[in-house]
Amino acid sequence: VQLQASGGGLVQAGDSLRLSCVVSGRTFALHDMGWFRQAPGKEREFVGAITGGETKSPYYGDSAQGRFTIARDNAKNTVYLQMNSLKPEDTAVYHCAVRNGYNGHIYDSRQYLYWGQGTQVTVSS
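If you're wondering where the values come from, they're calculated on a predicted model, not measured in any experiment.

1. Focus on the state of the cysteines
Then, in step 1: With the rule as written, the count across this model stands at one disulfide.
Then, in step 2: Here C21 is linked by a disulfide to C96, with a sulfur-sulfur distance of 2.0 Å. A torsion of 65° about the S-S bond marks the disulfide between C21 and C96 as right-handed. One end of the pair, C21, is in strand β3 (residues 17-23); the other, C96, is in strand β9 (residues 92-99), with 75 residues separating them in the sequence.
Then, in step 3: When its relative accessible area of 0% is taken as the criterion, C96 is described as buried.

2. Side note on unusual backbone geometry
A negative phi angle is the norm for most residues apart from glycine, just as the trans form is the norm for most peptide bonds.
Then, in step 1: One non-glycine residue, K56, lies in the positive phi region at around 50°.
Then, in step 2: K56 gets classed as partly exposed once you look at its relative accessible area, which sits at 36%.
Then, in step 3: Look at N77: it is not a glycine, yet its phi comes out positive at around 50°.
Then, in step 4: Here N77 shows up in the loop between β7 (68-73) and β8 (78-83).
Then, in step 5: Using a relative accessible area of 18% as the deciding quantity, one classes N77 as buried.

3. Examining the pattern of salt bridges
Then, in step 1: One pass over the structure, following the stated rule, counts five salt bridges.
Then, in step 2: Between R37 and D90 there is a salt bridge, with the nearest N and O atoms lying 2.9 Å from each other. Of this pair, R37 sits in strand β4 (residues 33-38) while D90 sits in the loop between β8 and β9, and the two are 53 residues apart along the sequence. Comparing R37 with D90 shows no difference in burial state: the two are buried.
Then, in step 3: For the salt bridge of R67 with D90, the shortest nitrogen-to-oxygen distance reads 2.8 Å. Of this pair, R67 sits in the loop between β6 (58-60) and β7 while D90 sits in the loop between β8 and β9, and the two are 23 residues apart along the sequence.
Then, in step 4: Salt bridges sharing partners connect three or more residues here, namely R37, E45, R67 and D90.

4. Focus on the side chain of T51
Then, in step 1: By the secondary structure assignment, T51 is in the loop between β5 (45-50) and β6.
Then, in step 2: Overall, the relative accessible area of 12% leaves T51 in the buried class.
Then, in step 3: Reaching out from T51, the side chain makes a polar contact with the backbone nitrogen of S57 at a distance of 2.7 Å.
Then, in step 4: Not counting residues within four places of it along the chain, the set of residues in contact with T51 comprises H31, D32, K56, S57, Y59, R72 and I106.

5. Some details on the sheet that holds β8
Then, in step 1: Across the sheet, which stays open at both edges, the four strands sit in the order β1-β3-β8-β7 with antiparallel pairing between neighbours. Edge positions in the open sheet fall to β1 (3-6) and β7, since each of these has one partner strand only. Averaged over all pairs of adjacent strands, the angle between their axes in this sheet comes to 15°, without regard to strand direction.
Then, in step 2: Here β1 runs beside β3; their pairing, made up of four bridges, is antiparallel.

Reading guide: rules and limits
- Residues numbered from 1 in each chain as written.
- Predicted model: local features only at pLDDT ≥ 70, side-chain atom pairs only at ≥ 80, totals over all residues.
- Heavy atoms only, no water.
- Disulfide = S-S within 2.5 Å.
- Helix = DSSP H or I, 4+ residues; strand = E, 2+ residues; numbered from the N terminus.
- Buried < 20%, exposed > 50% of the residue type's maximum accessible area, 1.4 Å probe, protein only.
- Salt bridge = Lys/Arg side-chain N within 4 Å of Asp/Glu carboxyl O.
- Polar contact = N/O pair within 3.5 Å; in protein donor to acceptor, adjacent residues only side chain to side chain.
- Contact = heavy atoms within 4.5 Å.
- Pairing = 2+ DSSP bridges.
- Axes fitted to C-alpha atoms, helices over the stretch in contact; angles between N-to-C directions.

As structure tokens, then:
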């Protein structure tokens, strides 16, 4: 399984970005997908996730709630993260991941086995 994240960049506070993550593999539609971020000197943080199958239920971390939207297009093996009203504290490397463990919470990074290389998001004030 390979994941390719893209869409990051340098933006100003208040701007928007849409991240994309293309996943190889035939079973993409079945798996929950997550977005995590990590800023320098900080721990990895859960941003959002979306369940697989037909439900496609979204979950958001506290920092993303109300500003970010996660979606997926199973026909394109792609998961998206729409980020609006960006703040300088959103600056981080954003990683997408495929969940393969279902004995814990969807926001727990240990539930995810496959990770993309990440895309840098920098928000200037």
